[in-house]
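# Structure at a glance
Here are the chains, one letter per residue:
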Amino acid sequence: MRIGIDLGGTKIEAIALGENGAELFRRRVDTPRGSYEGTIAAITALVDAAERSVGRRGTVGIGIPGTISPATGLVKNANSTWLNGRPFDNDLSAALDRPVRLANDANCFALSEATDGAGAGAAVVFAVIIGTGTGGGIVVHRRVLVGPNAVAGEWGHNPLPWPSPDELPGEPCYCGLSGCIETFLSGAGLQRTDAQIRGVVDGRAAVEIHRLADTGDIAASAALDLYCHRMARALASIINVLDPDVIVLGGGLSNIGQLYERVPRLWGQWVFSDAVTTPLMRARHGDSSGVRGAAWLWNE
Ligand SMILES: [Zn+2]
């Protein structure tokens, strides 16, 4: 049995998967915000509950909104800031009395979709969660590619490629740079595009723009046109470097159905190839991919 834990800023979700990926157990609890010891206790209780419910001991994989720094062995870049600077995997391993595997949540999402999701059977999968951010992950032959700096797949803080003059220098990003892909392709990025097109301060929410574009709203359609063009450029640069067998989109903005037809029709003009056959797919497991991927961290 494989137990997966998805540690989010507001909820901790646990799942237990059987051999074939069937779901045997699932539970969500509130994240003890600000408490490191409380977070470890909550995860220990969830693992305990899963094992009691199924009647078996399991492996434990955990997805976190950050990563373990290969340089220090400590958590870095977690927006659940009480984890930063802590040896979270070692402390969990001690509390659970077994080795645990820990990965960035976008990498867990990619692993889930590569294992039995939209990218099942593909050798190289690039997957991104487009919502509040644009976190990405790369899975090669069902193994997460991490890298010596633990940033493999993190395309979101590269600059938007092939910018037009009015896209420069771009909005300041929380990372300290300006014009990052994330500032254009996140939900807030689409909202800002809508505001700029309409000449107003507050743009409409991404879900509203999507709905209005379908009803023929001219400004919303123009915002989506730009969004597709920018995503095509951003993904073309990934295809040029990695040439994945499939690209999978998850997160709130992955529900914009037009992306899957329009973006692949556009990206050929920037890909260094006469033909581009890369499929762009919607995540199969939706919001469950993060927690399923955490469980699949033990997949050999
Ligand atoms: Zn940035």
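Refer to the structure printed above.
The structure reproduced in this document is the subject of the present report. In this text, all values refer to a predicted model and were calculated from it rather than measured experimentally. (Residues numbered from 1 in each chain as written. Predicted model: local features only at pLDDT ≥ 70, side-chain atom pairs only at ≥ 80, totals over all residues. Heavy atoms only, no water.)

## Some remarks on the coordination of the zinc ion
- Bound to the zinc ion are the protein donor atoms H157 (ND1), C173 (SG), C175 (SG) and C180 (SG), situated 2.1 to 2.4 Å from the metal.
- In terms of primary sequence, the donors binding the zinc ion are separated according to H-x15-C-x1-C-x4-C.
- The buried category is assigned to C173, whose relative accessible area is 10%.
- Judged by its relative accessible area of 36%, C175 is partly exposed. (Donors = N, O, S within 2.8 Å, 3.2 Å for Na, K, Ca; no water. Buried < 20%, exposed > 50% of the residue type's maximum accessible area, 1.4 Å probe, protein only.)

## Overview of the pattern of salt bridges
- What the rule picks out here adds up to 18 salt bridges.
- D30 serves as the salt-bridge partner of K11, at 2.6 Å between the closest nitrogen and oxygen. Here K11, found in strand β2 (residues 11–17), pairs with D30, found in strand β3 (residues 23–30); they are 19 residues apart in sequence, far enough to count as distant.
- A salt bridge links E208 to R211, with the shortest nitrogen-to-oxygen separation between them at 2.9 Å. With E208 and R211 both in helix α6 (residues 206–214), this residue pair falls three residues apart, about one helical turn. (Salt bridge = Lys/Arg side-chain N within 4 Å of Asp/Glu carboxyl O. Helix = DSSP H or I, 4+ residues; strand = E, 2+ residues; numbered from the N terminus.)

## Remarks on the layout of surface pockets
- For the second largest pocket, the calculated volume is near 380 Å³.
- Taken together, 20 residues line the second largest pocket, and the ones lying closest to its centre are L102, A103, V144, V146 and L297.
- At the level of secondary structure, the elements contributing two or more residues to the lining of the second largest pocket comprise β5 (67–68), β7 (100–104), α3 (105–116) and β10 (143–144).
- A breakdown of the residues in the lining of the second largest pocket according to their chemical character gives eleven nonpolar, four polar and five charged. (1 Å grid on protein atoms, 1.4 Å probe; cavity = no way out; pocket = protein on both sides within 12 Å on 5 of 7 lines; lining within 4 Å. Points joined across faces, edges and corners; volume = space filled by probe spheres on them. Nonpolar A, V, L, I, M, F, W, Y, C, P; charged D, E, K, R; others polar.)

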